[in-house]
Amino acid sequence: MAVMKQMATVADRDTLRPSNTNSMTGASSHTGEAWHDIEWRQVHRQVRRLQARIVQATQAGRWGKVKALQRLLTRSFSGKALAVKRVTENQGKRTPGIDGQTWSTPAAKMAAVHQLRQRGYQAAPLRRLYIPKANGQQRPLGIPTMKDRAMQALYRLALDPIAETTADPHSYGFRTGRSTADAIQRCFELLNKPASAQWILEGDIQGCFDHISHEWLLSHIPIEHHILQQWLKAGYLEKQHLLATEAGTPQGGVISPVLANITLDGLEQTLTHGYSARQKQEAKVHLVRYADDFVRHEARYVHGA
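Predicted model only: the values in this text are computed from it and were never measured.

Draft legend 1. The arrangement of the sheet that holds strand β4 (residues 236-238) in detail. Here four strands make up an open sheet; going across it, the order is β2-β1-β4-β5 and the pairing mixed. Each edge of the open sheet is held by one strand with a lone partner, namely β2 (138-143) and β5 (241-243). Each strand axis lies, on average, 40° off the axis of its neighbour in the sheet, ignoring direction. Bridge count for β4 against β5 is three bridges, and the pairing is antiparallel. Looking at β5, one finds that Y236 is bridged to L243.

Here it is in structure tokens:
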């Protein structure tokens, strides 16, 4: 995020061509067809520049400018190329959606970049899979098509800067540059003292991803609502039956972890609401969250807290 801020003075316009040309023109005029000729360093640089400006606009509360910058990023060649790169190089790249398609060749990847358009976009139903959990139960996964995954990855590029800027300070799950090791380190720092909190409350929000209100998401997630609604209401196929999705965001979607994090942001402030700075220090109230799992530390147990 510091890198984003340092680059925030660069002009908004994302202009990029593959390395076989020296000219710099608008992304909309890009006509190259060679995936391997793309200069990825420039792609990352252009995306980071726009993300840095989104961070600055978010910090300033200039939501009109945030929206304009997000629109620029999600229509840019570099944003689309990076989104396709992400979904074709991650662990699920060989797992198709209901259309059976994977983008395994350079030509298919380049064609996919040009197919990522907002006008007329309609998300396909998810392919429902189940994976075993440690407790013997099964976790449902919704697998989008490659095109829907790439579209989600594209909009995540525009949403991540906002999510990172407004996130709870001690939230560690599915965040850039953070991991379970950081959450463990935070717990160690808070508890490895003679005067540390006496009580520890561990919590896990049951079915968090599956029960988030669609109405809340559409009212609070700062991306284009008609695109977000496509993903939320796409439904899923199970045993050749199309079933509706009335709530939740599917586990398996590229953007789902960010949606869940934004939904849960504010939990840390809520749990410490009503304490002055001194009271909070004396009560030793702390919250460490990893996605929908959290640990609360407190000097004394308060019934009903």
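Draft legend 2. How the structure looks around empty space enclosed by the protein. The tally for this structure, following the rule as stated, stands at two cavities of 30 Å³ or more. In this structure, the largest cavity encloses a volume near 70 Å³. Taken together, D160, A163, E164, A167, S171, F174, R175, V258, N261 and D265 form the lining of the largest cavity. Looking at the lining of the largest cavity element by element, the count peaks at three residues for helix α6 (residues 146-166). Broken down by class, the residue content of the lining of the largest cavity amounts to four nonpolar, two polar and four charged. Empty space within the second largest cavity amounts to approximately 40 Å³. Taken together, the residues of the lining of the second largest cavity break down into seven nonpolar, one polar and one charged.

Draft legend 3. Expanded view of helix α2 (residues 40-59). The terminal C-alpha atoms of α2 lie 28 Å apart, and with 20 residues this matches the ideal 28 Å at 1.5 Å per residue to within 8%. Note on α2: the residue one or two positions beyond its end, G61, has a positive phi of about 70°.

Draft legend 4. Main features of the environment of A247. Locating A247 in the fold gives a position in the loop between β5 and α11 (256-264). Taking the C-alpha atoms as reference points, A247 and D210, 37 residues apart in sequence, are found 6.4 Å from one another. The residues touching A247, leaving out its near neighbours within four places in the chain, are D210, I212 and H214.

Draft legend 5. Representation of the side chain of N261 within the structure. For N261, the position within the fold is in helix α11. With relative accessibility at 7%, the residue N261 sits in the buried group. The contact partners of N261, leaving out residues within four places of it in the chain, are S171, G173, F174, R175, R289 and A291.

Draft legend 6. A look at the pattern of salt bridges. Taken as a whole, this structure holds six salt bridges when the rule is applied. With a shortest N-O distance of 2.6 Å, R75 and E224 are connected by a salt bridge. Here R75, found in the loop between α3 (63-74) and α4 (77-87), pairs with E224, found in the loop between α9 (214-220) and α10 (225-232); they are 149 residues apart in sequence, far enough to count as distant. Note on R75: relative accessible area 27%, which makes it partly exposed. According to the relative accessible area criterion, E224 is buried, its value standing at 18%.

Draft legend 7. Summary view of the packing of α2 against α6. For the pair α2 and α6, interaxial distance at closest approach is 9 Å and the crossing angle is 40°. Considered as vectors, α2 and α6 are oriented oblique to each other. For the pair α2 and α6, the sense of crossing is right-handed. Contacts between α2 and α6 pair V47, Q51, I54, V55, T58 and Q59 from the former with L157, A158, P161, I162, T165 and T166 from the latter. In the contact of α2 with α6, the residues fall into seven nonpolar, five polar and no charged.

Draft legend 8. Geometry of the nonpolar core. Within the largest apolar cluster, 52 residues are counted, with the highest numbers of intra-cluster contacts made by I38, V84, L159, I221, I223, L228 and W231. Secondary-structure elements contributing two or more residues to this core are α2, α3, α4, α5 (106-115), α6, α9, α10 and α11. The element best represented in this core is α6, accounting for 11 residues. Y172, A183, C187 and V288 belong to the second largest nonpolar core, which has five residues in total.

Draft legend 9. Up close: unusual backbone geometry. A positive phi angle, near 55°, is found at K239, a position not held by glycine. Tracing the backbone through its elements, the reader meets K239 in the loop between β4 and β5. You can call K239 exposed: its relative accessible area is 74%. Non-glycine residue Q240 carries a positive phi angle of around 65°. By the secondary structure assignment, Q240 is in the loop between β4 and β5. Q240 sits in the exposed class, given a relative accessible area of 76%.

Thresholds, definitions, all that
Residues numbered from 1 in each chain as written. Predicted model: local features only at pLDDT ≥ 70, side-chain atom pairs only at ≥ 80, totals over all residues. Heavy atoms only, no water. Pairing = 2+ DSSP bridges. Helix = DSSP H or I, 4+ residues; strand = E, 2+ residues; numbered from the N terminus. Axes fitted to C-alpha atoms, helices over the stretch in contact; angles between N-to-C directions. 1 Å grid on protein atoms, 1.4 Å probe; cavity = no way out; pocket = protein on both sides within 12 Å on 5 of 7 lines; lining within 4 Å. Points joined across faces, edges and corners; volume = space filled by probe spheres on them. Nonpolar A, V, L, I, M, F, W, Y, C, P; charged D, E, K, R; others polar. Expected span 1.5 Å × (residues − 1). Contact = heavy atoms within 4.5 Å. Buried < 20%, exposed > 50% of the residue type's maximum accessible area, 1.4 Å probe, protein only. Salt bridge = Lys/Arg side-chain N within 4 Å of Asp/Glu carboxyl O. Parallel < 35°, antiparallel > 145°, perpendicular 65-115°, else oblique. Left-handed = near helix turned anticlockwise from the far one by under 90°. Core = buried A, V, L, I, M, F, W, Y, C linked by side-chain atoms within 4.5 Å.

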